[in-house]
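Working through the structure, step by step
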Amino acid sequence: MADVWTQVYDPFDAWPLSTLAASVPVLVLLGLLGSGRASAWQAALAGLVSAMAMAIGAFGMPIDLVVAGAGVGMVFAFFRIVWLITAAVFLYNIAVETGQFEVMKASIARLSEDRRIQAILVAFSFGAFIEGAAGFGAPVAISAAFLVGLGFRPLQAAILCLVANTAPVAWGAIGTPIRALGEVTSLDTELLSATAGRILPLLSVIVPWWLVRMMVSWRETVAVWPALVVIGGSFATAQFVWSNYVGYELVDIVSSIASLAAGMLLLRFWKPKQVWHFPEERAEAAEGPVETAYDTIGDLNPARVARAWMPFGLLTIMVILWGIPAIKGTLESSTSWNPPMPWLSVPLSDAGPAMGWPRPVLDQAAEKGQQLVSRVAKGVAITGRAEPAAADFEKVTLDIAPLASTGTAILIAAIASGFLLGLGPKGLLRVFGVSVYRLRWAAVAILCMLGLGFVTKLAGMDAVLGLAFTRTGPMLYPIFGTLLGWLGVALTGSDTASNVLFGNLQRITAEKLGLDPILMASANTTGGVMGKMVDAQSIVVAAAATGEGGREGTILRAVLIHSLALALIVGGIVWLYAHVVPGIVPSAADVPMVSATE
């Protein structure tokens with residue numbers, strides 16, 4: 001039997017010091033990124049090195065297991081994130097190369113030339129559509145590039161799309177975060193979705209106002225209130241109804257289509273009294289007539305518009321097909337590869353003593369540690385027990401299934417679109433090469449960031465940070481539990497990963513503190529979505545998509561205050577549901593999907 005390593009949650013026998021030690025990698029990564037003195041890949045590499053050093057030096061993790069964790073994280077990052085983002089940018093570049101992106105821009109400009117309305121339609125509604133279909137960085141990459149193509153300043157486009165990519169994230173990639181939350185907590189997935197659907201619609205109403213206010217004054221924001229009310233209200237209504245009475249897989253896609261349709265209908269009968277443009281555009285207009293995208297592109301008949309949007313239609317179809325369990329399971333089983341890696345054979349036991357932590361959490365610390373490492377990702381497990389039963393041990397494995405990756409679905413859609421739009425094999429290879437070259441440093445940064453994330457998970461550092469939040473007690477925990485979800489996404493770059501890391505801890509803590517476990521588990525995913533805009537991975541993607549590589553620190557500083565403010569709003573809603581109107585949290589009798597299966 002291999003040696004057993006036990007996670008330690010309080011290596012210094014002083015929880016403040018242990019918490020500080022666990023936070024070092026995060027402080028290094030975000031500190032360097034925010035300072036502007038290091039590029040994203042340099043900050044990520046420094047964060048990874050510091051995480052490995054703390055895991056070995058402070059938490060006593062074996063060196064071979066540290067190296068294994070970093071390696072598994074990088075493989076996960078490549079096939080689940082880098083591959084997806086590269087394919088999404090490839091598809092976008094095909095639309096640009098073939099001239100179809102100009103038609104797409106003109107179709108949006110024909111709806112409205114007002115920059116405020118364009119920002120809502122593209123960053124919020126269209127971004128939510130891509131989030132629902134693909135997730136994992138694709139919405140920010142595609143929407144931000146779209147806004148730049150429309151004439152938005154690159155830095156502004158990156159910031160707007162990061163803030164917009166919040167309310168839909170809990171149901172991203174065909175409901176993946178909610179599904180993962182249900183799996184790790186053993187709570188009913190439909191109830192979790194319904195509860196999230198009673199928290200986030202309030203934010204869906206707020207976010208369009210928030211986006212426009214980031215661009216203009218309050219007076220100029222109120223000037224487009226009909227569009228804000230209709231687009232945000234239709235999105236929120238569809239989000240609530242679908243998540244509570246239909247299912248969780250297509251919440252984002254249905255909500256985004258509803259908001260786009262409502263916005264298009266409104267704009268047929270209503271226009272803002274004064275079309276708002278950027279100051280530089282107004283200066284150009286004062287000097288003489290300025291051609292718009294619609295003026296230069298010619299006739300926009302329905303067939304031409306449909307052809308231009310065809311790549312994104314194919315993307316949606318392919319991603320939905322890849323999300324069907326039967327198809328995904330077949331692809332995973334038929335194309336997976338498990339390379340022999342004997343140097344990854346060190347198992348983990350149940351978590352060891354967590355000295356100094358509050359008793360309500362100590363009783364379940366072992367379960368948290370076990371679930372933390374056994375559910376890092378589908379097909380990647382590091383677990384075990386102190387007993388020598390062979391069945392209790394699982395070796396660290398790399399389960400590589402490239403065809404099952406969502407990135408492969410997007411790549412197929414991109415290649416098919418290229419051929420349908422007249423690009424030959426040489427043209428496709430050239431565009432793909434340009435896309436890969438443009439993302440090279442972003443890819444390095446993402447690999448290092450996910451390596452950092454996996455090391456902190458396996459070392460138990462994320463659990464130490466999470467346990468610190470549980471010291472706040474039942475009155476304040478609804479707020480701090482929400483912020484724990486925010487922290488999880490800020491650390492990992494994924495609402496799914498945050499749910500895997502902290503979802504079960506939320507359930508356990510809620511039960512010990514007398515709170516509703518459905519509410520607090522849902523708070524993890526709904527609070528987590530507000531951390532999406534500050535996670536280093538999303539910032540790197542936004543910078544790369546807009547050509548702002550090297551300005552990641554500027555983007556981080558710009559979105560941090562918005563992220564915290566929105567997370568606190570979610571925390572306030574959760575607190576009200578916990579202590580003022582607890583009856584709003586649904587039960588099985590309130591959710592038809594649950595009742596029908598009982």
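This report concerns the structure included in the present document. Just so you know, the residues in each chain are numbered from 1, in the order the chain's sequence is written. For a predicted model such as this one, the threshold for reporting local features is a pLDDT of at least 70, and the threshold for listing and counting side-chain atom pairs is 80 or more; totals across whole chains, interfaces and linings nevertheless cover every residue. Think of the side-chain values as coming from all heavy atoms in the structure, minus any hydrogens and water.

1. As for the overall build of the chain
Scanning the chain from N- to C-terminus turns up 29 helices and zero strands. Exposed residues in this analysis have more than 50% of their type's maximum accessible area, buried residues have under 20%, and partly exposed residues fall in between, with area computed by a 1.4 Å probe over protein chains only. The 598 residues of the chain split such that 60% are buried. We call two residues contacting when some pair of their heavy atoms lies within 4.5 Å. Counting contacts in the chain only where the partners sit at least 6 residues apart, residues at least 24 apart contribute 81% of the total. The secondary structure listing takes helices from DSSP runs of H or I that are at least 4 residues long and strands from runs of E that are at least 2 residues long, numbered from the N terminus.

2. Topic: helix α4 (residues 100-111)
To estimate the expected span of a helix, count its residues, drop one, and scale the result by 1.5 Å. When the terminal C-alpha atoms of α4 are compared, their 17 Å separation across 12 residues agrees well with the 16 Å that a helix rising 1.5 Å per residue should span. Judged by how many residues are buried, α4 sits mostly within the fold: 10 of 12 residues are covered. When we look at burial in α4, the residues that qualify are Gln100, Phe101, Val103, Met104, Lys105, Ala106, Ser107, Ile108, Ala109 and Leu111.

3. Section: helix α22 (residues 440-459)
Helical geometry note: an α-helix holds 3.6 residues per turn, so side chains three or four residues apart project in the same direction. With 20 residues, α22 extends 29 Å from end C-alpha to end C-alpha; this agrees with the ideal 28 Å at 1.5 Å per step. Most of α22 sits out of view: 16 of its 20 residues are buried. Positioned one or two residues after α22, glycine 460 has a phi angle of 85 degrees, which is positive.

4. Overview of the environment of phenylalanine 469
Assignment of secondary structure puts phenylalanine 469 in helix α23 (residues 461-469). Phenylalanine 469 sits in the buried class, given a relative accessible area of 19%. Look past the residues within four positions of phenylalanine 469 in its chain and what remains in contact with it is Tyr477, Phe480, Leu483, Leu484 and Leu487.

5. With respect to the nonpolar core
Judged by nonpolar contacts, the single largest core of 179 residues is most densely connected at Phe152, Leu315 and Met530. In terms of residue count, the dominant contributor to this core is helix α3 (residues 63-97) (18 residues). Each residue touching leucine 315, except ones within four places of it in the same chain, is listed here: Leu91, Ile130, Ala133, Ile142, Ile410 and Ala413. The criterion is simple. A nonpolar core is a set of buried Ala, Val, Leu, Ile, Met, Phe, Trp, Tyr and Cys residues joined through side-chain atoms within 4.5 Å.

6. With respect to the packing of helix α5 (residues 115-133) against helix α10 (residues 200-215)
Their axes nearest at 10 Å, the elements α5 and α10 cross at an angle of 135 degrees. In terms of their interaxial angle, α5 and α10 are classed as oblique. Between α5 and α10 lies a crossing whose hand is right-handed. On the side of α5, the interface is formed by Arg115, Arg116, Ala119, Ile120 and Phe124, while α10 contributes Ser204, Val207, Pro208, Leu211, Val212 and Met215. Three classes are used: nonpolar for Ala, Val, Leu, Ile, Met, Phe, Trp, Tyr, Cys and Pro, charged for Asp, Glu, Lys and Arg, and polar for all others, with Gly counted as polar. Among the residues forming the contact of α5 with α10, the class breakdown is eight nonpolar, one polar and two charged. For helices, the fitted axis covers only the stretch in contact; all axes are lines through C-alpha atoms, and the angles between them, taken along N-to-C directions, range from 0 to 180 degrees. To sort the angles, those under 35 degrees are grouped as roughly parallel, those over 145 as roughly antiparallel, those from 65 to 115 as roughly perpendicular, and the leftovers as oblique. Two helices that cross are described as forming a left-handed crossing if the nearer one is turned anticlockwise from the farther one by less than a right angle, and a right-handed crossing if clockwise.

7. Focus: the packing of aromatic side chains
What counts as a ring pair is set by centres within 6.5 Å for rings of Phe, Tyr and Trp (its six-membered ring), and what kind of pair is set by the plane angle: stacked under 30 degrees, edge-to-face over 60, tilted for all other angles. Taken as a whole and assessed by the stated rule, the structure comprises 12 aromatic pairs. Ring geometry for tyrosine 92 versus phenylalanine 101: centroids 5.1 Å apart, planes at 80 degrees, classification edge-to-face. You can call phenylalanine 101 buried: its relative accessible area is 3%. Each ring, one from phenylalanine 126 and one from tryptophan 309, has its centre 5.5 Å from the other, and the planes form 80 degrees; the classification is edge-to-face. Of this pair, phenylalanine 126 sits in helix α5 while tryptophan 309 sits in helix α16 (residues 302-323), and the two are 183 residues apart along the sequence. Classification of phenylalanine 126 as buried rests on a relative accessible area of 7%. The class of tryptophan 309 is partly exposed, set by a relative accessible area of 22%. Over the face of the ring belonging to tyrosine 437 we find arginine 440, whose NZ or CZ atom lies 3.8 Å from the ring centre. The rule is short: NZ of Lys or CZ of Arg within 6 Å of the ring centre and within 35 degrees of the ring normal puts a charge over the ring.

8. Points about the environment of alanine 109
Turning to its location among the elements, alanine 109 is positioned in helix α4. For the pair alanine 109 and leucine 150, spaced 41 residues apart in the sequence, the C-alpha separation amounts to 8.1 Å.

9. Comments concerning the side chain of serine 125
Note on placement: serine 125 falls in helix α5. Exposure remark for serine 125: the relative accessible area of 0% places this residue in the buried category. Sequence-distant contacts of serine 125, that is, excluding residues within four places in its chain, are made with Ile120, Ile231, Ser256, Ser259 and Leu260.

10. Brief notes about unusual backbone geometry
Unlike most non-glycine residues, aspartate 13 shows phi in positive territory, near 55 degrees. The residue aspartate 13 is located in the segment before α1 (15-35) in this model. Accessibility expressed as a relative area gives 58% for aspartate 13, which makes it exposed.

11. Let's talk about the side chain of aspartate 535
Along the chain, aspartate 535 falls in the loop between α26 (517-528) and α27 (536-545). In protein, a polar contact requires one atom able to donate a hydrogen and another able to accept it; more generally it is a pair of N or O atoms within 3.5 Å, and residues adjacent in sequence count only if both atoms are side-chain atoms. Polar side-chain contacts of aspartate 535 include one of 2.6 Å to the side chain of serine 538. Those residues within four positions of aspartate 535 in sequence are excluded, and the remaining contacts are Val489, Ala490 and Gly493.

12. A few points about the pattern of salt bridges
Salt bridges, as used here, are contacts in which a Lys or Arg side-chain nitrogen is within 4 Å of a carboxyl oxygen on Asp or Glu. Following the criterion strictly, the structure yields five salt bridges and no others. Two residues, glutamate 511 and arginine 507, come together in a salt bridge whose shortest N-O distance is 3.3 Å. Within this pair, glutamate 511 and its partner arginine 507 are both found in helix α25 (residues 495-513), separated by four residues, close to a single helical turn. Of the residues examined, arginine 507 reaches a relative accessible area of 14% and is grouped as buried. Of the charged contacts, one joins glutamate 548 and arginine 551 as a salt bridge, the two residues approaching to 3.0 Å between their closest N and O atoms. Looking at glutamate 548, the relative accessible area reads 12%, which means it is buried.

13. Notes on the environment of aspartate 516
Note that aspartate 516 resides in the loop between α25 and α26. Sequence separation between aspartate 516 and proline 478 is 38 residues; the distance between their C-alpha atoms is 9.8 Å. Dropping the residues within four chain positions of it, aspartate 516 is found in contact with Ala510 and Val585.

14. Some points on the packing of helix α12 (residues 225-245) against helix α13 (residues 251-269)
With their axes 8 Å apart at the nearest point, α12 and α13 run at an angle of 150 degrees to one another. It follows that α12 is roughly antiparallel to α13 by the angle criterion. For the element pair α12 and α13, the recorded crossing hand is right-handed. Listed contacts from α13 to Pro226, Ala227, Val230, Ile231, Ser234, Phe235, Ala238, Gln239, Trp242 and Ser243 of α12 are Val251, Val254, Ser255, Ser256, Ala258, Ser259, Ala262, Gly263 and Leu266. Here the contact of α12 with α13 is built from residues that sort into 12 nonpolar, seven polar and no charged.

Keep in mind these values describe shape, not function.
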